[in-house]
Amino acid sequence: MARTVTLGTCIAALCMAFSGPVAAQEAVEPPAEESIESEEVDWSDQQQTDIPGTATDDQIIQFFTLFSSRDEIGALVDPIIAELMEPGPIVENWTETGVDILAEIEGLEGGLAETVLKDNDSEIPTIIDVVGEPSPELTEMESYTLRPGFDELTQERAYMGFAPGMWFETAHQREVRGNALCYSGYVGITLHSQRPVTELSEAELYSALLLFATVDRMSSLEFCVVYEVADSGGYHTRGYLPDGSALLQLDADMTIATPMPRAELQATIQDDR
């Protein structure tokens, strides 16, 4: 799977490394009457039974948090994170490579205030708002603030569609170093779903749980990205550790992120079914 590497899309790439809902179910051994063998998953099958229909939002948030803290989830997630974050050779003057993505977008029609970047990955489409404007009003979706964000202090947001009608929104702070955007520390996480969590299928629930656990465990890691202009237009990125070590595993495959009007963000997320 190829994708542009940003903090949000890096997290999505890690989630996909587990082969989606099938691996998520195997990781926690939820009850299932039959295994899912095809890559084409019927998201409506196997109604989840772990979260009762009477659960409050606070109880749902606690369920996600406790799931992430389980030792067996760490044993599954941590080695893959370590492999993808393995340091490569140090690149001299790496912060001066690529382009100043903030200046690039500001120079487009509408500028930073009206533009986001969309990675059209076929499995996990990802939208990056490099200035962290408030999220759109998703009035037709159920939203769960699993980890509070930074409100007006948010500097970047990522939106990841990981199942039909289901998106994660992550809120970030960062440091600008030359042309590089560098991340570390706390990440706010919100789940947006067309249906309440209590009505999700088992596959949907455990995919969401595993992606949350990945974000939860990865958020304290430090790394940076540098945007480059792609030959065919749009942008791709290179990942680095703060000492300039290239993150070759993350850079192995990339797709192109292209500018998208911010006005299309609400419909892109809310109409995804």
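A quick note: this is a predicted structure, and the numbers were derived from the prediction, not measured. (Residues numbered from 1 in each chain as written. Predicted model: local features only at pLDDT ≥ 70, side-chain atom pairs only at ≥ 80, totals over all residues. Heavy atoms only, no water.)

1. A few points about the overall build of the chain
Right, so step 1: Each helix and strand counted, the chain has eight helices and 11 strands in total.
Right, so step 2: Expressed as a percentage of the 273 residues in the chain, the buried residues total 52%.
Right, so step 3: Sequence separation of 24 or more characterises 73% of the internal contacts of the chain that already satisfy a separation of 6 or more.
Right, so step 4: For the chain, the accessible area works out to roughly 12,300 Å², and carbon and sulfur atoms hold 46% of it. (Helix = DSSP H or I, 4+ residues; strand = E, 2+ residues; numbered from the N terminus. Buried < 20%, exposed > 50% of the residue type's maximum accessible area, 1.4 Å probe, protein only. Contact = heavy atoms within 4.5 Å. Areas by Shrake-Rupley, 256 points an atom, 1.4 Å probe, with all protein chains shown as cover.)

2. Points about the state of the cysteines
Right, so step 1: Summed over all chains, the structure comprises one disulfide.
Right, so step 2: A disulfide bridge connects cysteine 182 with cysteine 224, and the sulfur atoms are separated by 2.1 Å. Given an S-S torsion of about 105°, the disulfide between cysteine 182 and cysteine 224 has right-handed geometry. Separated by 42 residues along the polypeptide, cysteine 182 in strand 7 (residues 180-183) and cysteine 224 in strand 9 (residues 223-229) bring together distant segments of the chain.
Right, so step 3: A relative accessible area of 9% means that cysteine 182 is categorised as buried.
Right, so step 4: For cysteine 224, a relative accessible area of 1% gives the class buried. (Disulfide = S-S within 2.5 Å.)

3. Looking at the nonpolar core
Right, so step 1: If you look at the biggest cluster of nonpolar residues, it comprises 52 residues, and the most contacted ones within it are Phe64, Leu117, Phe168, Leu191, Val197 and Tyr227.
Right, so step 2: A total of 10 residues in this core trace back to one element, the largest contributor, which is helix 6 (residues 202-218).
Right, so step 3: Discounting residues that sit within four places of it in the chain, phenylalanine 168 has contacts with Leu146, Ala158, Tyr159, Met160, Phe162, Ile189, Thr190, Leu191, Ala208, Leu211 and Phe212.
Right, so step 4: Counting residues in each nonpolar core, the second largest holds nine residues, with Met141, Met260, Leu265 and Ile269 among its members. (Core = buried A, V, L, I, M, F, W, Y, C linked by side-chain atoms within 4.5 Å.)

4. Some points on a negative patch on the surface
Right, so step 1: A contiguous patch of negative charge on the surface is contributed by Asp57, Asp58, Glu142 and Glu199.
Right, so step 2: Topologically, glutamate 199 is positioned in the loop between strand 8 (188-193) and helix 6. (Patch = residues over 30% accessible without salt bridge, like charges linked within 9 Å, V, L, I, M, F, W, Y side chains within 5 Å. Salt bridge = Lys/Arg side-chain N within 4 Å of Asp/Glu carboxyl O. Lys, Arg positive; Asp, Glu negative; His and termini not counted. Charge placed at Lys NZ, Arg CZ, Asp CG, Glu CD.)

5. Some thoughts on helix 3 (residues 57-69)
Right, so step 1: Taking 1.5 Å of rise per residue, 13 residues should cover 18 Å, and helix 3 covers 19 Å from first to last C-alpha, within 8% of that figure.
Right, so step 2: Listing the buried residues of helix 3 in full gives Ile60, Phe64, Phe67 and Ser68. Take helix 3 and look down its axis: the buried residues cluster within an arc of 100°, on one side only. More than 90 degrees from the buried face of helix 3, the exposed residues found are Asp58 and Leu66. (Expected span 1.5 Å × (residues − 1). Arc of directions from axis to C-beta.)

6. Considering the confidence of the model for the chain
Right, so step 1: Taken over all residues, the pLDDT of the chain has a mean of 84, while the share at 70 or more is 82%.
Right, so step 2: At the low end of the mean pLDDT range in the chain sits helix 2 (residues 20-28), at 40; at the high end sits helix 5 (residues 101-106), at 97.
Right, so step 3: Counting interchain partners and residues more than four positions distant, the pLDDT-below-50 stretch residues 1-5 has 32 contacts.
Right, so step 4: Per-residue pLDDT stays below 50 along residues 12-41; that stretch engages in 57 contacts with residues further than four places along the chain or on separate chains. (pLDDT = per-residue confidence, 0-100.)

7. Overview of unusual backbone geometry
Right, so step 1: The phi dihedral of asparagine 93 falls on the positive side, at around 55°, and the residue is not glycine.
Right, so step 2: Mapping asparagine 93 onto the fold places it in the loop between helix 4 (71-84) and helix 5.
Right, so step 3: Residue asparagine 93 is classed as exposed on the basis of its relative accessible area, which comes to 58%.
Right, so step 4: The backbone of aspartate 151 sits at a positive phi, close to 55°, despite the residue not being glycine.
Right, so step 5: By the element assignment, aspartate 151 lies in the loop between strand 3 (142-147) and strand 4 (156-163).

8. Describing helix 4
Right, so step 1: Between the first and last C-alpha of helix 4 there are 20 Å, a value that for 14 residues agrees with the 20 Å anticipated at 1.5 Å per step.
Right, so step 2: The axis of helix 4 is deflected most strongly, by about 25°, at valine 77, and proline proline 79 appears within four residues downstream.
Right, so step 3: Considered for burial, the residues of helix 4 that qualify are Ile73, Gly74, Val77, Ile80, Ile81 and Leu84. (Bend = angle between axes of the 7 residues up to and from the residue.)

9. Notes on the side chain of arginine 157
Right, so step 1: Note on placement: arginine 157 falls in strand 4.
Right, so step 2: Looking at arginine 157, its side chain comes within polar contact range of the side chain of glutamate 169, at 2.7 Å. (Polar contact = N/O pair within 3.5 Å; in protein donor to acceptor, adjacent residues only side chain to side chain.)

10. A few points about the pairing of strand 10 (residues 235-240)
Right, so step 1: When you tally the buried positions in strand 10, you get five out of six residues, the bulk of the element.
Right, so step 2: As paired strands, strand 9 and strand 10 are joined by six bridges and run antiparallel to one another. Bridging from a neighbouring strand, valine 226 pairs with arginine 238 of strand 10.
Right, so step 3: Taking the residues between adjacent antiparallel strands as the criterion, strand 9 and strand 10 are bridged by five residues, where glycine 233 takes a positive phi near 100°. (Pairing = 2+ DSSP bridges.)

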